[in-house]
Structures are given as C-alpha cells and as structure tokens.
Amino acid sequence: MTTERMELLPGVWLNYIRTNRFKTGCFSINLLRPLACETAASNALLPSILLRGCRSYPDMQAISQRLDTLYGASVGTLVRKKGEVQTTGLYADFLEDRYSESEPVFAQMMEFVRELVFEPCRGPEGFVEDYVAGEKQNLANTIDAKVNEKRAYAVSRLLRHMCAGEAYAVPRLGEKETLDDLTPDGLFSQWSQLLATSRMELFYLGQQPRDAVLEAMTRLTAGLPERTNLTAAGTQVVLPRRPVQEITETMDVTQGKLTLGLRTPITLLDPRYPALVLLNAIYGAGMTSKLFLNIREKQSLCYYASSSLDKFKGIMVVGSGIEFENYQVARDGILNQLELCRQGEITPDELEAARNYLISALHTGKDSPGRLDDYAIGQAVAGCSGTMETLAEQIEAVTLDQVIEAANTLTLDTVYFLKGVTA
C-alpha cells in the first residue's frame, strides 16, 4: 500500500493510496468549512441537491441508469463533523478497470463526478426549486428522526449544554429551523462560494497509477474558480474552569440515559494522544474495558456503558443506559472506574487486552476503503501525518505510566441525565 499527499492547486490536496487489495476503487471530494449554526444545515443539504441531477443526467432516474452502465458504481453524500470543522461533499466507489469487461470505469466515473459538482441542474433562479424543496424536507425528517435514537440524542443534548457558545455544540447536520429560509438561488450562490473559498481534500484509493490519478484530478478541478481567499477552518480546544454542570431533562422514556462529558488538553496533535487512546480503551471502549466488565457485567448498574473520544476537540463522552433510580450509584461507579485508572490500578491483563483490541481494530480498518478514507480526511483536517499503521506502532509502545498520565488530564465538565416523565 502506497500513501502520498500532494497539493494540486492552492488549497486543493490529494490524498492518494495505491493498493491492489480491493476489486473496487473509491474517491471522495470534501470541502472544509467552519462548523456554524447558520450554515451547517445548508452545507449538509448541498450534496443531496447535487445528486438530484446534472447537465447530462437531469434527474435521479438518469443518474441511476448511468451508474448501472458503470457496473453498479455508486455515489453518495458525505457530510462529516471533525471537531469544529464540517466537511461537505460526495463519496464514490466503482469497479476497478482490470475487472471491467469493456471500457475502463475510472475515467468515466471521474467525469461523472465532475459534472455533478460543477454542472448541476439549474432552474430559473439557482438550483431546481422542486429538488431543493424535496431535499429540505428529507433533511428535516432526518433531523427529526434523531430524537428516536435516545442514546445518540442524549449525547447531542450533553454536548449542546457542555459546549454552549462553542462551535462544537452545533450538530453535524445543523438545525432544522435554519432550513426555512433557504432558497434555490441562495443555495446555488452558497455552493459557488464554497467552491471558491473552501479548502478541498480529495481522496483516492485504488489500483490506478499516480499519473493517471493526477490527470483525472486535474480535469476534475479545472472548473474551480480562482481561489485566493480561502476560509480557515479549525477546532478550538477549551478547558473552562467551572463547577461540574448537572443537567436533568425528562422525556417519555423507559430507560434513563446517563451521559458524562469530560475534557482534556490532549488531541491527536499531542504526543500523548496514543496514551489517551489506550486509556480510553482500558476505561470504556470494548468488551475488555472497566466499564463493560465491572459496571455492566459484575455490578449490573447499566444496560450499556462505554466511552468515546473526539480526538480533534479533546472531549471524552461516557454514555450509559440505566434504571432511573440507579442514577447516583451508576454515576459514582462510572467515575470510580476512571479514578482507578488515575491511581494506576490497571492490571497487566487489562492493559494488554486494551492494547490488542486497538491494534486489531486498526489493522481491520485497513480492510475497509471507507474507514481508510475517513481516517485520511481526519488526519488532513487536523494537519497531521501518519497512517493507521503509525498509530498502531505508537500504541504498541505506550507504557502504563503514560496511560496514568493521560487519565489524570481528564476533568469532568458536565453530567446529563435523561429520565422518564414519572421518574
């Protein structure tokens, strides 16, 4: 597997991975924007509008038929939240040329994506009005549906309170209320502005040689306007000094959702980051973690309990499902497991089980083009180099003392509890 990163134009970067491991290649185009309440929903909406039609394929049926002629290739929307950076764009996968029976697929696929991006269907004013109305409704429905996933909903409510006043509080897909004022002409103008002012990260994985990919990317980006004033997009790490916030909300639920938010100065730019990743695995990630084995299995305090990291923002979230009356004992138990980590009460078996779990997950990630894409774009957003293999090697070298040091950087910031209306 050959990995290379190169700048094609000012603010246009290609992340290139050549490998023969897959029968399909993949490609993504990502425009980086500052995450903001005013623009998050419209940025999330734009890729869906692009997929409604373009000059040669003016509707979804024509697009589907074209993809069928390319051996069932696919194109989808791609909206990601990386810390306080929102990426908006498209993701495509397609059969490798060596397996096609007639014409090569790669060049045709890149031309198809180019037309979607630079020659979308237009109405009298901006985008086609019916396309905009339909995708606005689809996005509104998607945002509304998130309340039905109570586990994710509790995390979103925690972050809304914990990061109030910070860009990180904005959801990945934005706020439903901001959709009302979006118009076809306003959205078209916004898309033109994004192309002119956004840093662009391209990702390619497949069997094509470097020169062929560079030629295709040159044709793809030829339609970009002059790019002289790029919008900066980054994440601010905040460590407020304040008492722990305690938030309780009620809803018609049968299982309580206890969610804790902790902050750390460590992000993936910090040399201590591999130790923090290993600490998270020991504490709450995976079936060998302290939260799973002790809080869930031995003490039966939670239906589930796990922790996760945002490596861009320096935030750890602990999520759990509990009986309403178990709030205090579950809260104390979850925090006690972290305190044990801080004090170094981590057995050799716990340390190595967590290490093996992480290294295995990273090696498995190399078998997924989608995960390789997400990892590479995340590294690019943060301004980091290094592959999954690099991180695995760093985790292999982490010592117990480094894990303890990472644990002691974590500070409890906010506790959020979603309980039933009669609890």
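Higher on the page you've got the structure.
Everything in this summary refers to the structure shown in the same document. (Residues numbered from 1 in each chain as written. Predicted model: local features only at pLDDT ≥ 70, side-chain atom pairs only at ≥ 80, totals over all residues. Heavy atoms only, no water.)

## Comments concerning the overall build of the chain
- The number of helices and strands found in the chain is 14 helices and eleven strands.
- For the chain, whose C-alpha radius of gyration is 23 Å, the value lies close to the compact-globule estimate of 22 Å for 423 residues.
- The buried share among the 423 residues of the chain stands at 54%.
- Relative to all contacts within the chain whose residues are 6 or more apart in sequence, the contacts with residues 24 or more apart total 81%.
- For the chain, the accessible surface area stands at approximately 18600 Å², while carbon and sulfur atoms represent 49% of it.
- Looking at the chain, you have 42 positive and 53 negative side-chain charges, and the mean spots of the two groups are 2 Å apart. (Helix = DSSP H or I, 4+ residues; strand = E, 2+ residues; numbered from the N terminus. Rg over C-alpha atoms; globule rule 2.2 N^0.38 Å. Buried < 20%, exposed > 50% of the residue type's maximum accessible area, 1.4 Å probe, protein only. Contact = heavy atoms within 4.5 Å. Areas by Shrake-Rupley, 256 points an atom, 1.4 Å probe, with all protein chains shown as cover. Lys, Arg positive; Asp, Glu negative; His and termini not counted. Charge placed at Lys NZ, Arg CZ, Asp CG, Glu CD.)

## Some points on the pattern of salt bridges
- Inspection of the entire model under this criterion finds 29 salt bridges.
- Put simply, Glu-339 and Arg-342 hold a salt bridge, and the shortest N to O gap is 3.4 Å. Taken together, the residues Glu-339 and Arg-342, both in helix 10 (residues 327–342) and three residues apart, mark about one turn of the helix.
- Note on Glu-339: relative accessible area 31%, which makes it partly exposed.
- When salt bridges with common partners are traced through the structure, they connect Glu-84, Glu-166, Arg-242, Arg-263, Lys-313 and Asp-413 into a single cluster. (Salt bridge = Lys/Arg side-chain N within 4 Å of Asp/Glu carboxyl O.)

## Let's talk about the nonpolar core
- Counting 62 residues, the largest nonpolar core has Leu-258 and Leu-279 as its most contacted members.
- Counting residues per element, this core draws most heavily on helix 8 (residues 273–283), at nine residues.
- Not counting chain neighbours up to four residues away, the residues in contact with Leu-258 comprise Val-318, Gly-319, Ser-320, Ile-322, Tyr-327, Ala-330, Arg-331, Ile-334, Val-415, Tyr-416 and Phe-417.
- Of all hydrophobic cores here, the second largest spans 55 residues; its members include Ile-49, Leu-70, Met-110 and Leu-195. (Core = buried A, V, L, I, M, F, W, Y, C linked by side-chain atoms within 4.5 Å.)

## Re the side chain of Arg-33
- Note that Arg-33 resides in strand 3 (residues 24–34).
- At a separation of 3.1 Å, a polar atom in the side chain of Arg-33 contacts the side chain of Thr-197.
- Here Ser-198 takes part through its side chain, which lies 2.7 Å from a polar atom of the side chain of Arg-33.
- Apart from residues no more than four positions distant in its own chain, Arg-33 is found in contact with Asn-43, Glu-84, Val-85, Gln-86, Leu-194, Thr-197, Ser-198, Thr-231 and Ala-233. (Polar contact = N/O pair within 3.5 Å; in protein donor to acceptor, adjacent residues only side chain to side chain.)

## A short note on helix 6 (residues 184–197)
- Given a rise of 1.5 Å per residue, 14 residues ought to cover 20 Å, and the 20 Å separating the end C-alpha atoms of helix 6 matches this to within 8%.
- On its buried side, helix 6 packs onto strand 3, helix 1 (40–50), strand 5 (85–95), helix 3 (106–118), helix 4 (129–145) and strand 6 (199–206). (Expected span 1.5 Å × (residues − 1).)

## Quick word on the packing of helix 11 (residues 348–365) against helix 13 (residues 388–396)
- The interhelical angle for the contact between helix 11 and helix 13, taken along N-to-C directions, is 170°, at an axis separation of 9 Å. One element, helix 11, and the other, helix 13, form an angle in the roughly antiparallel class. Residues Arg-355, Leu-358, Ile-359, Leu-362 and Gly-365 of helix 11 form the contact with helix 13, whose participating residues are Met-388, Leu-391, Ala-392, Ile-395 and Glu-396.
- Of the residues assigned to the contact of helix 11 with helix 13, the class counts are seven nonpolar, one polar and two charged. (Axes fitted to C-alpha atoms, helices over the stretch in contact; angles between N-to-C directions. Parallel < 35°, antiparallel > 145°, perpendicular 65-115°, else oblique. Nonpolar A, V, L, I, M, F, W, Y, C, P; charged D, E, K, R; others polar.)

## As for the sheet that holds strand 3
- If you trace the six strands from one edge of the open sheet to the other, you get 1-2-6-3-5-4, paired in mixed fashion. The strands lining the two open edges of the sheet, one partner per strand, are strand 1 (2–9) and strand 4 (74–82). Sheet twist, expressed as the average angle between the axes of neighbouring strands with direction ignored, equals 20°.
- When strand 4 meets strand 5, the two strands line up antiparallel, connected through nine bridges. In the sheet register, Gly-76 faces strand 5, and the bridge partner there is Tyr-91.
- Across the sheet, helix 1 lies against strand 3, strand 4 and strand 5, angled at about 15° from strand 5, the strand it touches most. (Pairing = 2+ DSSP bridges.)

## Remarks on the sheet that holds strand 7 (residues 245–251)
- Strand order in the open sheet made by the five strands is 7-11-8-10-9, with mixed pairing throughout. Two strands bound the open sheet, and with one partner strand each, they are strand 7 and strand 9 (304–310). Neighbouring strand axes in the sheet, compared pairwise and without regard to direction, differ in orientation by 15° on average.
- Relative to strand 10 (residues 315–322), strand 9 runs antiparallel, the two sharing seven bridges. The residue bridging Ala-305 from the neighbouring strand is Ser-320, located in strand 10.
- Helix-sheet contacts for helix 9 (residues 290–298) involve strand 9 and strand 10, and the interaxial angle to strand 9 is about 155°.

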